[in-house]
Amino acid sequence: MNHFHHLKVEQREVILYLPPSYEQSDRHYPVAYVQDDGYLFTECLNYLEHLFATGALEELILVGITSPNRNDEYTPWPAEALLKNMNAFGGKGKVYVDEVADVLKPYIDNHYRTHKEAENTAIIGGSFGGLISLFAGYWRPDTFGRIGLLSASFWYEGVMDYIRQNEGMNKDLRMFMSVGLCEGKYKQNAQKQMVPNTKAAASLFIEKGFPEDSLRLVLDPQGTHDGIFMIQRFPEALQWLFNQRPEAKCLVKESTREFSIPGTQVWNVQSNRTGRWYRISIAKPVEPPPEEGYPVLYALDANASFGSLAESIRMQSRRPHGISPALIVGIGYDSDNPIVTNERFYDYTVHADETELPARPDGSPWPKTGGAEEFLTFIEEELKPKVEECFSIDHSRQSLFGHSLGGFLSLYSLFTRCGTFQRYIAASPSVWWKNHVLYQIWNEREENLGQHEQSGELLIFVGSNEKPSMVKDAKELYEVLKASPKGIHPIFQEVEGEGHVSVIPSLISPLLRFITK
């Protein structure tokens, strides 16, 4: 039996699917209105009917809606085109949603056996189709009580601002969201925000009071922005939106929210200087800035240390007895690894030949090196101005923190660009790099530092259980700098019982006191 019917409702063409039992029963069915000609169901119909037959999905009517111009009808307001020679986005979504709600749905309800209530009516789509389904939930919750957002275009201009400024989604809705973690990964325009914006939107819905047990967010680790992944999620979306079977009670409830630290935000920044993309993690104090602005810490290796720094400053700056609130700016990379080896070896070092470095323990070649100058220029000329544009900064209390190779870079910055920061923290610094080249750099710059009367405060940490050579190097460098009259004010702390990695949690509290004093 052919379950498809091609209809024309006023000027709109639709594809109607009636479930297998429709002709043999007098039942009424829930309805899902599906954007983009209904390809999300026409391309997986055999599987849907398998789910119907096995009882894994309640039978329902599916309505595929055609659109002569999705860039107009699926966008909530006008916006400029992403690419040159392309048409701008028309922003006629409100007219489209009202047509579906006030013309198409009444027609379907009057001609077919449907459950007319909002809780039995879904609107669902992928990409822009998901975007307009989102706004159907905002604009017409009286009509559409089930919302499906498959790879919805949360990158669209103004959408995140709308979500932040709106009071929130109607709490009677039920929503399914999905996104592939590779979506936007290779884009250079606004579409690169697909994944972070989708995650942020889900969190905002919950923060604004939407019930956690009425929202499901599914992340596909290998998913790209392609129909194949959206079609795969469509049956799952229908099951979540419509199946009302009571689930076995469990003491553990899955949450749609990923863990995040309050007051933090993430920027994805591409440097014109290095050409690299950086993940910039920012922890902003709850308190408003003092008249002189916040002290600010720029922390390297943010993939490893930002969370600890952000939670620590949030706890330790609580009034009335806490330290001064400070802004934490973590500089990391687009990776889930705590240490992003190749990138940091390049950004944090001056060039060294293989002959100037010891053999690596595993015998492998050293990664590419020598990007320190470009990386520091990125911080000084690109990142810092952007931070200062967005936050009130105390320019007399700016600090740079690095560990290991990051500690080398912190010292290198102090020796070569003293004045960019006022305070420097070098934890377990790689003084050994390139045959102890830091001493050569210091000797070459010492006279220049004195001439310009520049100064910098320096805090050196090392764990007592690190390699003896690391401890020795840190102590000897401290003694050299302490003996110099040329404007460096070093402090040395050996952390008892800690190794090269475990030293980091132990140094955070004294570090925060140092940068906020």
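Data block above holds the structure.
Heads up: these notes are all about the structure in this document. (Residues numbered from 1 in each chain as written. Predicted model: local features only at pLDDT ≥ 70, side-chain atom pairs only at ≥ 80, totals over all residues. Heavy atoms only, no water.)

1. Some details on the pattern of salt bridges
Should their charged atoms come close, side chains of opposite charge can pair. Our working definition: Here, a salt bridge means any Lys or Arg side-chain nitrogen found within 4 Å of an Asp or Glu carboxyl oxygen. Runs of H or I in DSSP of at least four residues are treated as helices and runs of E of at least two as strands, each being numbered from the N terminus. Burial classes: relative accessible area under 20% of the type maximum marks a residue as buried, over 50% as exposed, and values in between as partly exposed (1.4 Å probe, protein chains only).
Evaluation of the coordinates by the stated rule reveals 26 salt bridges. Across the pair Glu389 and Lys386 runs a salt bridge, and its minimum N-O distance is 3.5 Å. Highlighted residues: Glu389 and Lys386, both in helix α11 (residues 372-390), separated by 3 residues, approximately one helical turn. By relative accessible area, Lys386 is classed as partly exposed at 37%.

2. What to know about unusual backbone geometry
Its identity is not glycine, yet Lys434 carries a phi of approximately 55°, on the positive side. Mapped onto the elements, Lys434 comes out in helix α13 (residues 433-452). For Asn435, which is not glycine, the phi torsion reads 55° and is therefore positive. The residue Asn435 is located in helix α13 in this model.

3. Brief notes about helix α7 (residues 194-207)
Heads up, the rule is: In this analysis, the expected span of each helix is defined as 1.5 Å times one less than the number of residues it contains.
End to end, α7 covers 20 Å across 14 residues, agreeing with the expected 20 Å (1.5 Å per residue, within 8%). Along α7, 10 of the 14 residues are buried, which leaves the element largely enclosed by surrounding structure.

4. Some details on the sheet that holds strand β15 (residues 456-463)
This is how the line gets drawn: Here, any two strands with at least 2 DSSP bridges between them count as paired. Only the stretch in contact is used when fitting a helix axis, every axis being a line fitted to C-alpha atoms; angles between N-to-C directions are given from 0 to 180 degrees.
A sheet is described by the order of its strands in space; here 8 strands give the open sequence β9-β10-β12-β11-β13-β14-β15-β16, paired in mixed fashion. Bordering the open sheet on either side are β9 (264-270) and β16 (488-495), each of which pairs with just one other strand. Neighbour-to-neighbour, the strand axes of the sheet open up by a mean angle of 20°, direction not taken into account. Note that β9 and strand β10 (residues 277-283) share 7 bridges and pair antiparallel. Bridging from a neighbouring strand, Val269 pairs with Tyr278 of β10.

5. A short note on the packing of helix α4 (residues 93-111) against helix α5 (residues 128-139)
Rule in force here: Oblique is the label for any angle not under 35 degrees, not over 145, and not in the 65 to 115 range, which are roughly parallel, roughly antiparallel and roughly perpendicular in turn. Contacts between residues were defined by any pair of non-hydrogen atoms, one from each residue, lying within 4.5 Å. Ten residue types, Ala, Val, Leu, Ile, Met, Phe, Trp, Tyr, Cys and Pro, are classed as nonpolar, four, Asp, Glu, Lys and Arg, as charged, and the remainder, Gly among them, as polar.
Running from N to C, α4 and α5 cross one another at 70°; their axes reach a closest spacing of 10 Å. As the angle between them shows, α4 and α5 are arranged roughly perpendicular. Contacts between α4 and α5 involve Gly93, Lys94, Tyr96 and Val97 on the former and, on the latter, Ile132, Ala136 and Trp139. Residue composition of the contact of α4 with α5, by class: 5 nonpolar, 1 polar and 1 charged.

6. Re α4
Which entries qualify depends on this criterion: What the bend at a residue measures is the angle between two axes, fitted to the seven residues ending there and to the seven starting there.
A rise of 1.5 Å per residue sets the reference length of α4, with its 19 residues, at 27 Å; its end C-alpha atoms lie 26 Å apart and thus fit the reference within 8%. The axis of α4 is deflected most strongly, by about 35°, at Val100. Burial in α4 covers these residues: Gly93, Tyr96, Val97, Val100, Ala101, Leu104, Lys105, Ile108 and Asp109.

7. So, the sheet that holds strand β2 (residues 12-17)
Here 8 strands make up an open sheet; going across it, the order is β1-β2-β4-β3-β5-β6-β7-β8 and the pairing mixed. The two strands at the open ends of the sheet, each matched to only one other strand, are β1 (4-9) and β8 (215-220). Direction aside, the axes of adjacent strands within the sheet are offset by 15° on average. For strand β3 (residues 31-34) and strand β5 (residues 121-126), the ladder comprises 4 bridges, and the chain directions are parallel. Within β5, the position partnered with Val31 by the bridge is Thr121.

8. A short note on the pairing of β1
Pairing of β1 with β2 involves 6 bridges; the strand directions are antiparallel. Within the sheet, the bridge partner assigned to His5 lies in β2 and is Leu16. Connecting the antiparallel pair β1 and β2 is a turn made up of 2 residues, with Glu10 showing a positive phi of about 55°.

9. Looking at the side chain of Asn189
Here is the rule: Whenever two N or O atoms come within 3.5 Å, that pair is a polar contact, provided that in protein one can donate a hydrogen and the other can accept it, and provided that, for residues adjacent in sequence, both atoms are side-chain atoms.
Inspection of the secondary structure puts Asn189 in the loop between β7 (174-180) and α7. At 2.9 Å, the side chain of Asn189 and the backbone nitrogen of Gln191 are in polar contact. Leave out the neighbours within four places in its chain, and Asn189 touches Leu82 and Leu83.

10. Focus: the packing of aromatic side chains
Threshold: Working definition: a ring pair exists when centres of Phe, Tyr or Trp rings (six-membered ring for Trp) sit within 6.5 Å. Plane angles under 30 degrees give stacked, over 60 give edge-to-face, the rest tilted.
All told, the structure shown has 34 aromatic pairs when counted by the stated rule. Aromatic pair Phe89 and Phe128: ring centres 5.4 Å apart, planes at 80°, arrangement edge-to-face. Residue Phe89 is located in the loop between α3 (70-73) and α4, and its partner Phe128 is located in helix α5; the two are separated by 39 residues in the primary sequence. No difference in accessibility class separates Phe89 from Phe128, as the two residues are buried. Both rings, one in Phe135 and one in Trp139, keep their centres 5.2 Å apart while their planes meet at 45°; by these two values the pair is tilted. Here Trp139 and Phe135 lie together in helix α5, a separation of 4 residues that amounts to about one turn.

11. Some details on the pairing of β15
The buried count for β15 comes to 7 of 8 residues, which makes it a mostly enclosed element. As judged from the 5 bridges shared by strand β14 (residues 423-427) and β15, these two strands associate in the parallel manner. Bridging from a neighbouring strand, Arg423 pairs with Glu457 of β15. In this sheet, β16 lies alongside β15 in parallel orientation, the contact comprising 8 bridges. From the neighbouring strand, Glu457 faces β16, where its bridge partner is His489.

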